[in-house]
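Below are the chains, spelled out letter by letter.
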Amino acid sequence: YSTGGFVNAGSYNQTAAASTTGNYTYAAVTTPTANDVVTPLTITASGITAADKVYDATTSAVLDGSATVTALGSDDVTVSATVGTFDTKNVGTNKVVTLSGATLDGDDAGNYSVINQASTTANITTKNLTVSGATTISTYTGNVQTNTLLTPVGLLGSDKVTGVSGLATRTLVGLSVDSLSTATGDGLSNYSISYVNGSLAIVPVELTVTPPLTPTDTIVYLQSSAHSSLKIVQDELLCPSIFSIPLASSVNISPAIISNKCTTDSWNPSLQIFNGGVLLPLNGGNL
C-alpha cells in the first residue's frame, strides 16, 4: 500500500476466499494470471516560472518558482528537473518558454505519472555592445583615407558588425575624429550599442629632392595644417639667387607648385617646407 493507504499501482492476481453456501463449500481460488491492474494516476505539474535573462544567443531558460503536483491523501510525491526553452533566442517581452522533462520523486512516485506544465513566459533583454573607432595614424598619400573599426566588444555567436556610419575621413595633414552611429550587421537588434569615437591623423610625408636643380626645375610642396610641418633636407641645392617664398596664411588648402626661377649660381642653401610655405635662407646657411 502507498503512504496514504492506497493500493499501489501494479498488476495483481485475483483471489476468492473459501466459503460455504447451503449444501456447497467453495475452496479458495486465485487466478493464474495477474489480471487485476491498478494504473498510475496522472497528475499535472504546476507553479513553474522562468527567470528573465540578458541576451546570450541561446534559447535556454533558467526556471524558478516551486513546481508542485497534487497527490492523493498523504502520499509522498514531489516533482523536479523541468527544462525550459524560449521560443527564439532573440530579445523580447513575455516570450513563451516551453516546459519539458518533469520527473516525480518521493516514496509514492511510482503510483503516479506526470504531465508537464505546458509553458510559462519570461523576458530576454538586450546585451551591451561597444563599437569603437581605431586611433589611426597614416602618412599623407594625396587620396581620401578612412578610419577603421576596432573589433566590437560584446558580440556573441554568429552575430557581427559589418559597418557603421560616421567613420572619420581625411585627405590633408591633420586630425579628424569619428562621429560613430548606426552600426549594421547581423543580430544587432539584440544589443544596446554604445559608440566610442576614434580618430584619423594624417601626418606629413617626407619629400626628397635630388640635386642639382636647374633654373627651370619645379618644386612641388604640400600645404599642411597649422600645426604640422614638412621638410626637404637638401644641403647641396644650387639656387643662384636670394629669394623668399612666404609661408601660407591659410590651412588645409590644395597642393601647389612653385617654380624655381634662380638666376645666378652663388648660393647653396637648404630648402624647408614649413606649414605650407617654402623658405630659402638669406645668408646661405641651413634652416
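Residues numbered from 1 in each chain as written. Predicted model: local features only at pLDDT ≥ 70, side-chain atom pairs only at ≥ 80, totals over all residues. Heavy atoms only, no water.

*Asks:* Mind showing me how you'd approach the overall build of the protein chain here?
*Replies:* Looking only at helices and strands, the protein chain has zero helices and 31 strands in total. Across the 287 residues of the protein chain, 31% fall into the buried class. The long-range fraction of contacts in the protein chain, counting pairs at least 24 apart against all pairs at least 6 apart in sequence, stands at 64%. If you sum the accessible surface of the protein chain, you get close to 16000 Å²; carbon and sulfur atoms cover 54% of it. (Helix = DSSP H or I, 4+ residues; strand = E, 2+ residues; numbered from the N terminus. Buried < 20%, exposed > 50% of the residue type's maximum accessible area, 1.4 Å probe, protein only. Contact = heavy atoms within 4.5 Å. Areas by Shrake-Rupley, 256 points an atom, 1.4 Å probe, with all protein chains shown as cover.)

*Asks:* What is the right way to read the nonpolar core from this model?
*Replies:* Soluble, globular proteins show a tendency: their nonpolar side chains are buried together. Val69, Val97 and Leu104 are the most contacted members of the largest nonpolar core, which has 26 residues in total. Sorting the residues of this core by element identifies β8 (46-50), β14 (92-100), β17 (119-125), β18 (127-132) and β21 (160-165) as the ones contributing at least two each. Ala168, Leu172, Leu200 and Ile202 belong to the second-largest nonpolar core, a separate cluster that totals six residues. (Core = buried A, V, L, I, M, F, W, Y, C linked by side-chain atoms within 4.5 Å.)

*Asks:* What am I meant to see in the packing of aromatic side chains here?
*Replies:* The relation between two aromatic rings is expressed through the spacing of the ring centres and the mutual angle of the planes. Counted according to the given criterion, the structure contains one aromatic pair. Both rings, one in Tyr55 and one in Tyr191, keep their centres 5.5 Å apart while their planes meet at 75°; by these two values the pair is edge-to-face. Of this pair, Tyr55 sits in the loop between β9 (53-54) and β10 (60-61) while Tyr191 sits in strand β25 (residues 191-196); the two residues are 136 residues apart in sequence, bridging distant segments of the chain. When its relative accessible area of 6% is taken as the criterion, Tyr191 is described as buried. (Phe/Tyr/Trp six-rings, centres within 6.5 Å; stacked < 30°, edge-to-face > 60°.)

*Asks:* Quick question: what am I supposed to make of the sheet that holds β10 here?
*Replies:* Each strand in a sheet pairs with another by means of backbone hydrogen bonds, the pair being arranged parallel or else antiparallel. Read across the sheet, five strands follow the order β9-β17-β14-β13-β10 without closing on themselves; strand pairing throughout is mixed. Strand pairing shows two members of the sheet lacking a second neighbour, β9 and β10, which therefore form its edges. In this structure, β14 lies alongside β17, joined through five bridges in antiparallel fashion. Looking at the pairing, Val97 lines up with Thr120 of β17. (Pairing = 2+ DSSP bridges.)

*Asks:* Help me understand the sheet that holds strand β23 (residues 174-177) in this model?
*Replies:* Taken in spatial order, the three strands line up as β19-β26-β23 in an open sheet, and their pairing is mixed. On the outer flanks of this sheet lie β19 (135-139) and β23, each paired with one strand and no other. Strand after strand, the sheet turns through a mean of 15° between neighbouring axes, direction not considered. Sheet topology places β19 next to strand β26 (residues 199-203); five bridges connect them, and they run parallel. Residue Thr135 lies in a different strand from β26, and its bridge partner there is Ser199. (Axes fitted to C-alpha atoms, helices over the stretch in contact; angles between N-to-C directions.)

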